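Structural overview for review
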Amino acid sequence: MGVALLLPMQGLAAGPWSGSFSTQWRGYSHAGDGAGDTDYTSVAVEPDYSTQWLDRRLLFTFEGFARGGSRDSGSNHADLRVFSLNYAADAWELRAGMRKVFWGVTESQHLVDIVNQTDLVEGMDGEEKLGQPMLDLALIGEWGTLDMYVLPYFRPRTYPAADGRPFLGLPVDTDHPLYESADGDRHVDYAARWYKSIAAWDLGLSYFAGTAREPRLLPQVDATGASLRPYYYQMRQSALDAQATYGSWLWKLEAVYRQTDEPAYGAATAGLEYTFADIAGSGVDLGVVLEYLYDERGSQSAAMFADDTMLGLRLALNDTAGSEALLGVIYDNGGDGHTLSLEASRRVGDHWKISLQGLAFASSAADAPLYALRDEDQLQLDLAYHW
Amino acid sequence: MKRLLLTLLLPMLLPLDGSAQTAEEQGLDIAREADKRDVGWRDQSAHIQMVLRNRQGEESVRENRMQTLETAGDGDKSLIIFDSPADVKGTAFLSYTHATVADDQWLYLPALKRVKRVSSANKSGPFMGSEFAYEDISSQEIDKYKYKYLRDETLDGAATFVIERYPQYENSGYTRQVVWMDKKMYQPVKIDYYDRKDELLKTLVYHDYQQYLNQYWRPGRMEMQNHQTGKSTTLAWQEYSFQSGLKDRDFDQNSLQRAR
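Definitions and cut-offs
- By convention here, each chain's residues receive numbers from 1 onward along its written sequence.
- Ligands are numbered from 1 and chains lettered from A, in the order in which they are written.
- Only residues with pLDDT of at least 70 are given local features in this predicted model, and only at 80 or more are side-chain atom pairs given and counted; all residues enter the totals for whole chains, interfaces and linings.
- Excluded from the side-chain calculations are hydrogens and water; all other atoms, namely the structure's heavy atoms, are used.
- Helical segments are the DSSP runs of H or I of at least four residues, strand segments are the runs of E of at least two, and each set is numbered from the N terminus.
- Between two residues, a contact is recorded if the distance between any of their heavy atoms is within 4.5 Å.
- We define buried area as the total accessible area lost by two parts upon association, computed with a 1.4 Å probe and summed across both.
- Any carboxyl oxygen of Asp or Glu within 4 Å of a side-chain nitrogen of Lys or Arg constitutes a salt bridge here.
- Pairs of N or O atoms are called polar contacts if they sit within 3.5 Å, as long as, within protein, a hydrogen donor faces a hydrogen acceptor (for residues adjacent in sequence, only side-chain-to-side-chain pairs).
- The pairing criterion for strands is at least two bridges between them, as found by DSSP.
- Multiplying 1.5 Å by the residue count of a helix minus one yields the expected span of that helix.
- A score from 0 to 100, pLDDT tells how confident the predictor is in each residue.
- Residue burial is assigned from relative accessible area. The probe radius is 1.4 Å, only protein chains are included, and a residue is buried under 20% of its type maximum, exposed over 50%, and partly exposed in between.

Concerning unusual backbone geometry
- Omega for the bond connecting Arg165 of chain A with Pro166 of chain A falls within 30 degrees of zero, at 0°, which places this linkage in the cis form.
- Here Pro166 of chain A lies in the loop between β7 (144-151) and β8 (178-179).
- Look at the link from Ser84 of chain B to Pro85 of chain B: it is a cis peptide, with omega at 5°.
- With respect to the helices, strands and loops of the structure, Pro85 of chain B is situated in the loop between β3 (77-84) and β4 (92-96).
- Positive phi values are uncommon outside glycine, yet Tyr186 of chain B reaches one of about 55°.

Structure, rendered in structure tokens:
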């Protein structure tokens, strides 16, 4: 009797281990200019562990990532996404280790978000991030939260290998990055962000000083042929992120001012999101996202989105399978091209999840950054088992 | 003289007599009494297990944990941590309910480490794919409804007040709810929900009430039946605990990101 009573209770406690196994197929519509194939298959594992002590004040979290089995060498990689201790006192929290931090509010691009490096091999959309070693002291009060970061080690961006996709016109020489700072990847970066929610408003002000996360890709020719060499310059970024939430309307703004070894410039994303909730009592939500993407440097520069408009449709069925889809187009207002994206997913049973992601690029201007991607339209299917 | 005074005063005294109250006043009084009896628990934690059933009877289980902080002069603050299905484990939902203005809600997405302020206008949509809407499980402030007393009724051997209440907040999926309020506990034992076309949509029945801290009645199980789709959801409350010393700080964005 005692055992019978205890058994269901054990199922209640969230176990310390969770995570997923997944298998992925990625296909490309064009052969492309590089040595890459038109499709790749691979498998990935993402284990997750967390435990708490001291009456839940001390938290340890681990999140690993590994992908293997792909024909291209670049896709097979492993990363420690999170390996972190977090101590929470009443007026402050101290977090140390490998961590992931997200700043910002907009959907089309994440200008303000700068702490973590992008894992471009995992996803061209830039949503996948590498773990960043850090010490983060958060001061917490009625006046909001102030996070102060010391980032002692830099992680270069991952790029597809020469036999992988997407192909950017030339292979990226990730083994030989260049740094403006003599300290190279040991340069210590600093960052801070204050944020507070005031009624319908969520406001954030942030500052970053250190190695730029997005390198300039410099063409070079050496004994092995032509390639692009990443150059990581020093950067100071001052930023604002704000969201106003009124009824079904979300109003969003992200603005950055960046000072580098080149002329300083500003960039911004501003937009809105409106959700038609529970349409005709069906439980279905349809959200419409409209954002304007601006970069002071203009479209004849390294800026991917200098004068662009993003229109997105977000559909959530709110059913047992958690079915959802997001369709987006980013259109260059100068007529230089557009990017189409589709994401859709649903659960199958309680443990399986199937996800579809599509990206299509169109570009007519040979001098636009998007032009390099014109033959890289891709479709990706993931089947994951979550435990 | 005495008699004359009484005759003069009697009509003035009458409105104070319960029997002469309007049905609306009686309904509001019952809601007020229920609210008064449920004050002072300070904070509450519980595990919630939901069993979702489709028309064919196929089941799907959802586990989550909920912490609630009683907030004087305002709606409650609550934090819901999702434990299953496995793909949403670690997702957490923070909400500050308010009686008259819109609730504040934030969602933490663990894969992106992103805290998103979300619109609270979606009151009537399903909670985690279940037959419970957000408005069914959020804190029930007096000012959220207008009330009307209908009748006394004995339901499954228990004496109840039957009252009707009309949502006053925007975007409700209901025109009205008929509530069977237990006279001893001053807690609902059954609710009929009528949709925007005033047709019976769902029935919620509360089971296994227990009293905590010698005052506060809480259900052990809630059964929601959707009459229009044939789907149903069982919501089981487990491991209730009260007054464990939770504070505002346990319901901020830092705690939301730390919720496990």
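Brief notes about the environment of Ala303 of chain A
Residue and element names in this part refer to chain A.
- Here Ala303 shows up in the loop between β16 (285-295) and β17 (307-316).
- Note: C-alpha distance between Ala303 and Gly247 (56 residues apart in sequence) is 34 Å.
- Ignoring anything within four residues of it in the chain, the contact list for Ala303 reads Asp295, Arg297, Gly298 and Pro369.

A short note on the interface of chain B and chain A
- Contacts between the two partners involve 40 residues from chain B, matched on the other side by 58 residues from chain A.
- Buried surface at the junction of chain B and chain A, summed over both partners, amounts to about 3800 Å²; 44% is from carbon and sulfur atoms.
- On inspection of chain B and its partner chain A, the count reaches 10 salt bridges.
- Among the salt bridges present, the one from Glu93 of chain A reaches Arg249 of chain B, with a minimum N-O distance of 2.7 Å.
- At the junction of chain B and chain A, the tally comes to 27 residue pairs in polar contact (both at pLDDT 80 or more).
- Breaking the side of chain B that touches chain A down by element, the ones donating at least two residues are β1 (43-53), β2 (59-69), β5 (104-109), β6 (114-118), β15 (232-242) and α4 (253-258) of chain B.
- Broken down by element, the residue count for the side of chain B that touches chain A peaks at 5 residues, all from β2 of chain B.

Quick word on the pairing of strand β1 (residues 17-28) of chain A
All names here are of chain A.
- As paired elements, β1 and strand β2 (residues 39-53) share 11 bridges and run antiparallel to each other. Counted as the bridge partner of Phe21 is Val45 from β2.
- In this sheet, strand β21 (residues 378-386) lies alongside β1 in antiparallel orientation, the contact comprising 9 bridges. If you follow Phe21 over to β21, its bridge partner there is Tyr385.

Here we look at helix α2 (residues 23-37) of chain B
- Between the first and last C-alpha of α2 of chain B there are 21 Å, a value that for 15 residues agrees with the 21 Å anticipated at 1.5 Å per step.
- Looking at the buried residues of α2 of chain B, the elements they touch are β7 (145-155), β8 (158-167) and β9 (174-182) of chain B.

A short note on the confidence of the model for chain B
- Mean pLDDT over chain B works out to 91, with 93% of the residues at or above the 70 mark.
- This model gives residues 11-17 of chain B a pLDDT under 50, and the stretch forms 2 contacts once residues within four places in sequence are excluded.

Quick word on the pairing of β21 of chain A
Residue and element names in this part refer to chain A.
- Burial along β21 is one-sided: Gln378, Gln380, Asp382, Ala384 and His386 are buried, while Leu379, Leu381, Leu383 and Tyr385, pointing the other way, are not.
- Pairing of strand β20 (residues 352-363) with β21 involves 8 bridges; the strand directions are antiparallel. Counterpart to Gly358 in the pairing with β21 is Leu379.

Quick notes on the environment of Glu127 of chain A
- Within the element layout of this structure, Glu127 of chain A appears in the loop between β5 (92-99) and β6 (132-141).
- Judged by its relative accessible area of 26%, Glu127 of chain A is partly exposed.
- Along the sequence, Glu127 of chain A and Trp53 of chain A sit 74 residues apart, while their C-alpha atoms lie 31 Å from each other.
- Excluding residues within four positions of it along the chain, Glu127 of chain A makes contact with His110 of chain A together with Leu112 of chain B.

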